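Each chain, written out:
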Amino acid sequence: MPVSAWTFALARLFAIVAAAVVLGWMTGYLAPTVIVVMSGYIALNFTRLYRLERWLRHRRTEDPPDLSGVWGDIVALVMRIYRRKQYHKRRIVQVFREFRRMTTAVPDGIVVLGAEREIQWFNRNAARLLALRRKVDFGQRIENLVRQPDFVAYLERGDYLLPVLVRAVFDSEVHLSMQVVAYGAGQKLMIVRDVTREIRLESMRKDFVANASHELRSPLTVIAGYVDALAEDTEIDQAWRKPLEEMRRQAERMRAVVDDLIELSKLEATGREAGDEVVDVAGMLSLLRRDVLSRTTHPRDVTLKLDSTARLLGSEPELHSIFSNLITNAIKYTPNDGRVDIRWWTDADGAHFSVADTGVGIAREHIPRITERFYRVDPGRARATGGSGLGLAIVKHALQRHNATLRIDSEPGKGSTFACHFPVRRIYNQTLMAAQ
Ligand code: ADP
């Protein structure tokens, strides 16, 4: 408030008091005159205070009172504060409306969860995808409304790095991907996406690969049969020997690729967890070693150390495929004067298989990608060894279905170790003992 208003008000008060004193002195009634004049002054200010208070109370509907001096300045100040408040209120409402429009336009469902996983807010798409009801479901815990076991397990695990896939309640053909993102003080944002299209495309891709490989298998068997017969025919022209041998090798490679594709498709088509046949791993490994030694060429030393007779609960053909692929690779990528050590053992963490070779090894940068389909460190060498490039992809997939992990340690020029770790619950004896 400008100082001049106060100076003026004080000057006026002083003038009124002075005038009252003079008037009182002249009339001979000094005290009564001063009292009357001051009462009038106070009454006037009371009236102004009353008008100001009234206006403040009803300022939405009433115009500001027309007051002068300090009172007028107070009215102007209040008006300014009021307008500023109105402006901010309008801005907040505008931002909120924009936010609402934006979240409605987002194709994903968004749910805001509190520290107790209770629903604080959700957008229209979340309501549609999860069948949530506005207002009624606010404050409810999300797992009480979205009850799919996979989703509940995902929430309990608390590891939100990857989304979880579930089927929608309202239509089991609709697939939803849900991911939780933690933020603020224990708050969580849940993003829900309809991934039915992606899942369908993925399934079409898998079907296509499975069908194409099946269709290729029969003509390939016929061609390979004729090529074999021709290659073994002693009367054939010598000039044809080399091309026929090459055709035979390439047909063999194609067969390996087609067989591995079919195997991979089968793994993808079956459920997420392998069954629980009792599999004698020690016996299987002994047979695999015998097969290796019966080959015409193999590394000089191929040892098998069986520190356990533990049997695994799983799928026999899949476990055979895992061990056979890893052992075959070790043999393939190790020179004849090298060695391959196979080991099977158990400890408190579970059952373990390892195959260590003194072969070519793998450079560090290739290791994370080596289990991808058709990924080869050295395509030329891999082609020469007749590999399909799918072996490790099959191993990884089959291990996942046995809740097992693969560890690869390797040094170029020195050799590699591939180790598989199976959890305790996959060991037959352990499960029996736990049940007793
Ligand atoms: P492939 O049929 O070509 O062997 P895999 O999927 O079995 O396909 O292996 C992928 C690649 O990993 C191979 O091409 C090879 O470069 C590398 N690899 C696998 N096992 C070994 C090993 N024991 N030593 C060195 N390299 C290996």
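Definitions and cut-offs
- Residues numbered from 1 in each chain as written.
- Predicted model: local features only at pLDDT ≥ 70, side-chain atom pairs only at ≥ 80, totals over all residues.
- Heavy atoms only, no water.
- Near = heavy atom within 4 Å.
- Polar contact = N/O pair within 3.5 Å; in protein donor to acceptor, adjacent residues only side chain to side chain.
- Areas by Shrake-Rupley, 256 points an atom, 1.4 Å probe, with all protein chains shown as cover.
- Helix = DSSP H or I, 4+ residues; strand = E, 2+ residues; numbered from the N terminus.
- Phe/Tyr/Trp six-rings, centres within 6.5 Å; stacked < 30°, edge-to-face > 60°.
- Buried < 20%, exposed > 50% of the residue type's maximum accessible area, 1.4 Å probe, protein only.
- Pairing = 2+ DSSP bridges.
- Axes fitted to C-alpha atoms, helices over the stretch in contact; angles between N-to-C directions.
- Contact = heavy atoms within 4.5 Å.

Undergrad: I tried to follow the site of the ligand on my own but got confused; where do I start?
TA: Neighbouring the ligand are 21 residues, the closest being Asn329, Tyr333, Asp357, Gly389 and Leu392. The separation between an oxygen atom of the ligand and a polar side-chain atom of Asn329 is 2.8 Å. Within the backbone of Val377, an N or O atom sits 3.4 Å from an oxygen atom of the ligand. Across the complex, the protein chains shield 97% of the 530 Å² of accessible surface that the ligand would expose by itself. Of the residues forming the shell around the ligand, the biggest block, three residues, is contributed by helix α10 (residues 316–332).

Undergrad: Quick question: what am I supposed to make of the packing of aromatic side chains here?
TA: What characterises a pair of aromatic rings is the spacing of the ring centres plus the angle enclosed by the ring planes. Counted under the stated rule, the structure contains seven aromatic pairs. Measuring from ring centre to ring centre gives 5.4 Å for Tyr154 and Tyr160, while their planes differ by 55 degrees; the resulting arrangement is tilted. Tyr160 carries the same exposure label as Tyr154, and that label is buried. Centroid distance Trp344 to Phe422: 6.4 Å. Interplanar angle 70 degrees. Geometry classified as edge-to-face. Here Phe422 lies in strand β12 (residues 415–423) and Trp344 lies in strand β9 (residues 339–347), a separation of 78 residues in the sequence. Across the pair, Phe422 and Trp344 agree in class, each one buried. The structure contains a cluster of three or more aromatic residues connected by ring pairs, namely Phe323, Trp344, Phe353 and Phe422.

Undergrad: Help me understand the sheet that holds strand β7 (residues 301–306) in this model?
TA: Strand-to-strand pairing in sheets goes through backbone hydrogen bonds, with the strands running parallel or antiparallel. Spatially, five strands are ordered β7-β9-β10-β12-β11 in an open sheet, and the strand pairing comes out mixed. Unpaired on one side and paired on the other, β7 and β11 (405–411) mark the two borders of the sheet. Within the sheet, the average angular offset between the axes of one strand and its neighbour, ignoring direction, is 10 degrees. Two elements, strand β10 (residues 350–357) and β12, share seven bridges in a ladder whose sense is antiparallel. Counted as the bridge partner of Ala351 is Phe422 from β12. Packed onto the sheet, α10 meets β7, β9, β10, β11 and β12 and runs at close to 25 degrees relative to β10.

Undergrad: Would you mind going over the sheet that holds strand β4 (residues 175–183) with me for this structure?
TA: Read from one edge to the other, the open sheet built from five strands follows the order β2-β1-β5-β4-β3, with strand pairing classed as antiparallel. Strand pairing shows two members of the sheet lacking a second neighbour, β2 (119–122) and β3 (164–167), which therefore form its edges. Between one strand axis and the next, the sheet turns through 25 degrees on average, direction left out of account. Sheet topology note: the strand β1 (residues 109–113)/β2 ladder contains three bridges and is antiparallel. Within β2, the residue paired with Val111 across the bridge is Phe122. Packed onto the sheet, helix α6 (residues 149–157) meets β3, β4 and β5 (187–194) and runs at close to 155 degrees relative to β3. Sheet strands in contact with helix α7 (residues 196–232) are β3, β4 and β5, and its direction is about 55 degrees off that of β5.

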